[in-house]
Amino acid sequence: MGDVLYSWISDLFPITRSLTGDGVRQTLGYFKDLLPSMVISEVPCGSQVLDWNVPAEWTIHDAFISNLKGDRLVDMAQSNLHVVGYSEPVDTIMTRAELERHLYSLPDLPEAIPYVTSYYQRHWGFCLSEIQRHNLGAGPFRVVINSDLFSGTMTYGEVVIPGKSSREVLFSTYVCHPSMANNELSGPVVTTALALLAQSMPVRRYTYRFVFAPETIGSITYISKHGPELKTAVDAGWVVTCVGDDRAYSYLPSRRGDTLADKVSLRAINDLGLRVDKYSFLDRGSDERQWCSPLLDLPVSSLMRSKYGTYPEYHTSLDNLDFVSPSGLQGAYTLYRRCVEILEESPRWRSTIVGEPQLGRRGLYPNVSKVGSAIDSKHILDVLTYCDGSNEEWEIAELVDLPTSVVQETCLLLLSHGLVE
Amino acid sequence: MGDVLYSWISDLFPITRSLTGDGVRQTLGYFKDLLPSMVISEVPCGSQVLDWNVPAEWTIHDAFISNLKGDRLVDMAQSNLHVVGYSEPVDTIMTRAELERHLYSLPDLPEAIPYVTSYYQRHWGFCLSEIQRHNLGAGPFRVVINSDLFSGTMTYGEVVIPGKSSREVLFSTYVCHPSMANNELSGPVVTTALALLAQSMPVRRYTYRFVFAPETIGSITYISKHGPELKTAVDAGWVVTCVGDDRAYSYLPSRRGDTLADKVSLRAINDLGLRVDKYSFLDRGSDERQWCSPLLDLPVSSLMRSKYGTYPEYHTSLDNLDFVSPSGLQGAYTLYRRCVEILEESPRWRSTIVGEPQLGRRGLYPNVSKVGSAIDSKHILDVLTYCDGSNEEWEIAELVDLPTSVVQETCLLLLSHGLVE
Amino acid sequence: MGDVLYSWISDLFPITRSLTGDGVRQTLGYFKDLLPSMVISEVPCGSQVLDWNVPAEWTIHDAFISNLKGDRLVDMAQSNLHVVGYSEPVDTIMTRAELERHLYSLPDLPEAIPYVTSYYQRHWGFCLSEIQRHNLGAGPFRVVINSDLFSGTMTYGEVVIPGKSSREVLFSTYVCHPSMANNELSGPVVTTALALLAQSMPVRRYTYRFVFAPETIGSITYISKHGPELKTAVDAGWVVTCVGDDRAYSYLPSRRGDTLADKVSLRAINDLGLRVDKYSFLDRGSDERQWCSPLLDLPVSSLMRSKYGTYPEYHTSLDNLDFVSPSGLQGAYTLYRRCVEILEESPRWRSTIVGEPQLGRRGLYPNVSKVGSAIDSKHILDVLTYCDGSNEEWEIAELVDLPTSVVQETCLLLLSHGLVE
């Protein structure tokens, strides 16, 4: 699965995404090919959505800084990070001093092109490496940004996969960043894999909802349309972002910190024996800001590999195809799949008999007791002792300190012997 | 008391107990002499009890391995541990190789005879020390087990001592192990002492129930007859086992872990200033497996000296009269007596006056206040400040960090001055 | 404010206070000049108050030990601590041996005169430094105490400042110690400053009650008159004592330990970044003994500088004007003022919008997002995310780990933008 996810990222990496525009549409189209049930919606620019307005649609055709001979010194064809997101059009000659106010680079990471946007205030600019900036020369320069800002639409996608219950599990991810791999392409590809997983399950306890939208304004828009139904239906949710590298696992709790999403996250981490960096909700930075906002207050947490803002490559050209890996993606997918399994496969079993069962006549117990024996059946009895009708399987796993999968196997064995119901 | 308990163990040690049979009857008869109110019941073999069936009654007359000259090489007359419990009859000549499949020894404890049983599958065998096994010789051997397995009865005893309330305190112990001292004879002798204590109390707040039964099948049988009434009546209970040695104190919580039995156990430990090894319910191994089973769920914990399974002599001939001691037994008895005292002597006092009392005119306070004085009456005021009608005496002891006995004395002093009611 | 408080202490220091008498009246008169709304009450000696009786009124005119030539060796004119409080009259000649039974000194603090009283048993005595005692000579001595013990009255004062709600905040302090500064004069002067603060507030959420009374018998008397109304009305209270030195801050919880007074105390300590010695209610020693007594059970804690009984100068002539300081008093006043501010200025705000607000168009957010930016608005969003209508401002301060004042400013900013209500 890690290799497949990595190949999807490789396909999508070159596309110039932004909050709006054809880059988002291409990206969502790619996912719709994988998930034909995806519904793609367009929202008119200028629409009022909660406290916000959908910004203009932005199209970028070309952007460069050249010398007067026409040699391109900074060229968006080399990297779509070179142009500040939502730059207004410009075509002029200017001095080095004039140009300086429009340049962004990172002195501490001299080879990295930073990622800069200006969605809500008209502006233009170029991002370049510190080395490029040093070598630009004295000027004058020709500066061209061939962009359109017009009253088009903003695009988002959603997939809803019904289950036996209308209680929902929400996965949210975003599709508005240009060529960067951990933040963001890892998010939508792992989310797509989770949607495929949910689709493939013959029976679903929960209904699954997957939202692919531009960050912040996309989830704001989605809440403006679906807020009340989400508030009623969602039992647990996750923001899927920064799930592609190998350096770390990270857990960001929900606002309340003790929701089902939090408990399941921690149980999944335990089940897989992962070492995880645990953050506070005060460290939040993605769409949990919207899902957990106080009047909506959804039970949404986030499981990540290296959390946004904690790795130096974050929001630069170094967050590239070398930074993420098949194994990094696989690790995150496995962790989220564990969450789904915990949610799906957790009946509350109740012992059918008073006292311990006679395991021996069921072939579940060695018949000759001696020093050192009688351990093989210990898991069976430990699990059974907590099958009192109040504990879900994964809660029993916490109580007996075993992987949930072992508890699940044990419960199935108990069921096959009629010892639980 | 420790010496008396030790002498009872010495009397009972040689008897060949098993799940059923005359060894159990003799043992219960000994306790009935001490506790004439004990009711002894017989349950027919084959009876269905919950998920189990009472096994056949087993009688053992003789068991030995000899050479063909008739020299007994392993002889049950030397130790009743030599014969595997519930061995079927055998009288045959066999080679060393054939015999090997029926021999049990402990390479790590070469002088110890292990304790092995096979209650629920027909089998026969001999237990011997590693040294004996080494010296058996090449054979052939004559092998004789003169036993009966027949449709008799299983025997258990119970003592119920009524109190002012029908709320119950349960003590459970077992009487099915042959010549071993800590596990098990320490258990029934300390339980007998506790029953004598309860009998001797002029007034009892609680009704006390003492169950002496074969482990597992005995408590299962008892629950099959008395389960619903126990579930309604028992406020706290303990499994009394492994209470005879000097090495450690141990505490095994109930399934829920926060019942009255758990709180009183911990308070008693505190009162006596004991260092205790605290186990998890997952470390359980005796009749709390039945009392705490999920559909019954009694508040039963266990206070022990060295817990079963944690000392190398466990379930071997080394768990003998040298392993237990009068002081070890005394320590366990004192700890359980403290539990009874806490349960019995814990009224909820309520201050009779608003504000602090004038201790001086009651002779409870030094009348000249000066630097360093006014400490003598501190306990009085500390205890009184928590006499708000909601705290039992032992809970006040937790709050003021004093032994329960000091709080009890203080409350009596306050009562004698009319300061609490 | 510290200098003003120190000057009040200096004015009041020489007065010879005791449980009763003109010293108390003079002291309360001084505070009534500052707080004209103070109501001063007189309670007849011998009155039954709860479990106590108001003792006789005591007046002391003169007290000395002289040699037979008339040279005063110990003279109350030098320090009112020289005479044991409530000494009965005496005028006699006695030997050194006879005198010894009436002398109190401190071998470990040879220069200090101890403070000793005998309110409830007739007695007389002299306190002197160990050095004075050493130099007294062989005697005989003339011993004179010119005092009156008569059926007068006991005096106390109270100030009630009504607020919008009849829910009350109680501050209690005492006025019965002669010339000592930290214990006690710091207490009533800081309490007076808090009453002036409450008076000066244009709007008060709470009603404030300030009680100035002799310790123990004064609060007992006050409870005998106002107990039921206090039990109904008081939401939080503090005993103000030992609030004048620079060595430490101290917190003594209420009996229950988790009342509003406790939470606000801990929040105020946090807000001011103070290192505080935390005591147990078992370390109590002042009028919380009465306010928190079990049948009354008010939510009363105590914030102090160096707690009574913990500094060597306590209850000696060394607890003088050198021991307290303007900065020590200022620190305690600031801490209590913070408690008042937390209680007064803590509305429960509720976000007005779903999702996060668009801070940018309100000028609350930098419009160009880039690496390392977007931190300035973090506090705004952190505070807003907990404005769910259930948390008071100071509780939000705990959640976001910011000073309450920053949260208050932030909430006002949010209010001015219509983002909370």
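Residues numbered from 1 in each chain as written. Chains lettered and ligands numbered in written order. Predicted model: local features only at pLDDT ≥ 70, side-chain atom pairs only at ≥ 80, totals over all residues.

Novice: What exactly am I supposed to notice about the overall build of chain A here?
Specialist: Looking only at helices and strands, chain A has 12 helices and 16 strands in total. When its C-alpha atoms are laid out on the principal axes, chain A stretches across 95 × 45 × 35 Å. Scored against the burial criterion, the 421 residues of chain A give a buried share of 51%. In chain A, 80% of the contacts between residues at least 6 apart in sequence involve partners at least 24 apart. (Helix = DSSP H or I, 4+ residues; strand = E, 2+ residues; numbered from the N terminus. Buried ≥ 20, exposed ≤ 12 C-beta atoms within 10 Å, placed from the backbone. Contact = placed C-beta atoms within 7 Å.)

Novice: In this structure, what is going on with the relation of the copies chain C and chain B? I would like to understand it.
Specialist: The relation between the two chain copies is a rotation about an axis coupled with a shift along that axis. For the pair chain C and chain B, the superposition axis carries a translation of 0.2 Å, the fit reaches an RMSD of 0.1 Å, and the rotation angle comes to 120°. The symmetry that links the two subunits is that of a three-fold axis. Judged by C-alpha distance, C:Asp258 is the residue of chain C that lies nearest the rotation axis, at 13 Å. (Least-squares fit on C-alpha atoms with pLDDT ≥ 70 in both.)

Novice: Looking at this model, I keep getting lost on the packing of helix α11 (residues 393-400) of chain B against helix α12 (residues 404-416) of chain B. Mind explaining?
Specialist: Relative placement of two packed helices is described by the angle separating their axes and the distance separating the axes. All names here are of chain B. At their nearest, the axes of α11 and α12 sit 8 Å apart, and the two run at 115° to each other. Between α11 and α12, the interaxial angle falls into the category roughly perpendicular. The handedness of the crossing between α11 and α12 is right-handed. Between α11 and α12, the residues in contact are Glu393, Trp394, Ile396, Ala397 and Val400 and Thr404, Val407, Gln408 and Cys411, respectively. Split by residue class, the contact of α11 with α12 holds six nonpolar, two polar and one charged. (Axes fitted to C-alpha atoms, helices over the stretch in contact; angles between N-to-C directions. Parallel < 35°, antiparallel > 145°, perpendicular 65-115°, else oblique. Left-handed = near helix turned anticlockwise from the far one by under 90°. Nonpolar A, V, L, I, M, F, W, Y, C, P; charged D, E, K, R; others polar.)

Novice: Mind showing me how you'd approach unusual backbone geometry here?
Specialist: Glycine aside, residues mostly have negative phi angles, and peptide bonds mostly take the trans form. Note that the residue after B:Gly139, namely B:Pro140, is joined by a cis bond; omega there is 0°. Following the sequence through the fold, B:Pro140 ends up in the loop between α4 (130-134) and β9 (141-150). Non-glycine residue A:Asp297 carries a positive phi angle of around 60°. Mapping A:Asp297 onto the fold places it in the loop between α8 (288-291) and β16 (300-304). Exposure remark for A:Asp297: the 17 C-beta atoms within 10 Å place this residue in the partly exposed category. Phi at B:His315 takes a positive value of approximately 60°, unusual for a residue other than glycine. Take B:His315: it is sitting in the loop between β16 (300-304) and α9 (326-344). Residue classification places B:His315 among the buried positions, given that 24 C-beta atoms sit within 10 Å.

Novice: Quick question: what am I supposed to make of α12(B) here?
Specialist: The α-helix advances 3.6 residues per turn, and as a result positions three or four apart in sequence lie on the same side. Residue and element names in this part refer to chain B. Here α12 contains 13 residues, and its C-alpha end-to-end distance of 18 Å stays within 8% of the 18 Å for a straight helix at 1.5 Å per residue. Every buried residue of α12 is accounted for by Thr404, Val407, Gln408, Thr410, Cys411 and Leu414. Buried positions in α12, seen along its axis, are confined to an arc of 165° and lie on one side of it. Looking at the buried residues of α12, the elements they touch are α7 (260-271), α9, β17 (348-350), α10 (378-385) and α11. A positive phi of about 70° marks Gly418, the residue just after α12. (Expected span 1.5 Å × (residues − 1). Arc of directions from axis to C-beta.)

Novice: Hey, could you run me through the interface of chain A and chain C in this one?
Specialist: By a widely used convention, the size of an interface equals the accessible area lost when the partners come together. Contacts between chain A and chain C engage 25 residues on the former and 20 residues on the latter. Only α6 (217-233) and α8 of chain A provide two or more residues apiece to the side of chain A that touches chain C. When the residues that make up the side of chain A that touches chain C are grouped by side-chain class, the tally is 13 nonpolar, eight polar and four charged.

Novice: Would you mind showing me how to read the pairing of strand β11 (residues 168-174) of chain C here?
Specialist: In the case of a regular strand, side chains alternate between the two sheet surfaces. Residues and elements named next belong to chain C. Across the seven residues of β11, seven count as buried, placing the element largely inside the fold. Along β11, one buried face is formed by Glu168, Leu170, Ser172 and Tyr174 and the opposite face, lined by Val169, Phe171 and Thr173, is buried too. By the bridge criterion, seven bridges tie β11 to strand β12 (residues 207-213) in an arrangement that is parallel. Opposite Glu168, over in β12, you have Thr207 as the bridge partner. With helix α5 (residues 181-200) bridging β11 and its parallel neighbour β12, the resulting β-α-β unit is right-handed. Note: β11 against strand β13 (residues 234-239), five bridges, orientation parallel. Opposite Val169, over in β13, you have Ala236 as the bridge partner. (Pairing = 2+ DSSP bridges. Right-handed = clockwise from strand over helix to strand, strands pointing away.)

Novice: Any chance you could explain the sheet that holds strand β15 (residues 277-278) of chain C here in plain terms?
Specialist: Sheet strands associate in pairs through backbone hydrogen bonding, adopting either a parallel or an antiparallel arrangement. All names here are of chain C. Here we have eight strands laid out as an open sheet, ordered β1-β10-β12-β11-β13-β16-β14-β15, and mixed in their pairing. With one partner strand each, in any of the chains shown, β1 (39-44) and β15 form the two edges of the open sheet. Across the sheet, helix α7 (residues 260-271) is in contact with β13, β14 (250-252) and β16 (300-304); its angle to β13 comes to roughly 55°.

Novice: Looking at this structure, how should I read the domain arrangement of chain A?
Specialist: Domain boundaries in chain A define domain 1 (2-55 + 153-344), domain 2 (57-150) and domain 3 (360-416). Spacing between the C-alpha centres of domain 2 of chain A and domain 3 of chain A amounts to 64 Å. (Domains from an automatic or database assignment.)

Novice: Which parts of the structure should I look at to understand the packing of helix α1 (residues 2-12) of chain B against α9(B)?
Specialist: All names here are of chain B. Across the interface, α1 lies against α9 with an axial gap of 8 Å and an inter-helix angle of 115°. Taken together, the axis directions place α1 and α9 in an arrangement best described as roughly perpendicular. In this structure, the crossing between α1 and α9 has a hand that is right-handed. Note on element contacts: α9 touches α1 through Pro326, Ser327, Leu329, Gln330 and Tyr333, opposite Gly2, Asp3, Leu5 and Tyr6. Class assignment of the residues belonging to the contact of α1 with α9 gives a composition of five nonpolar, three polar and one charged.

Novice: I would appreciate a short explanation of the environment of B:Asp3 in the present structure.
Specialist: By secondary structure assignment, the location of B:Asp3 is in helix α1. It is 22 Å that separates the C-alpha atoms of B:Asp3 and B:Glu313, two residues lying 310 residues apart in sequence.

Novice: I tried to follow the interface of chain C and chain B on my own but got confused; where do I start?
Specialist: The partner chain B presents 20 residues to the 26 residues of chain C that form the contact. Of the residues belonging to the side of chain C that touches chain B, the class tally is 14 nonpolar, eight polar and four charged.

Novice: Explain the sheet that holds strand β9 (residues 141-150) of chain A here, please?
Specialist: Residue and element names in this part refer to chain A. In space, the four strands of this open sheet follow the order β5-β4-β9-β6, with antiparallel pairing throughout. Looking along the sheet, the strands with just one partner apiece sit at the ends: β5 (72-75) and β6 (90-94). Sheet twist, expressed as the mean angle between neighbouring strand axes with direction ignored, is 15°. Pairing analysis gives three bridges linking strand β4 (residues 57-67) to β5, with the strands arranged antiparallel. Within the sheet, the bridge partner assigned to Ser66 lies in β5 and is Arg72.

Novice: I keep staring at the environment of B:Leu128 and nothing clicks. Help me out?
Specialist: Residue and element names in this part refer to chain B. Summarising the element assignment, Leu128 is placed in the loop between β8 (126-127) and α4. A count of 26 C-beta atoms within 10 Å places Leu128 in the buried class. Look past the residues within four positions of Leu128 in its chain and what remains in contact with it is Val74, His82, Leu103, Ser105, Ile113 and Arg133.

Novice: I keep staring at the confidence of the model for chain A and nothing clicks. Help me out?
Specialist: Detailed reading of the predicted coordinates is not advisable wherever pLDDT is low. Chain-level pLDDT for chain A is 93 on average; 97% of the residues reach the 70-or-more range. ipTM for the predicted complex: 0.79, alongside a pTM of 0.74. (pLDDT = per-residue confidence, 0-100.)

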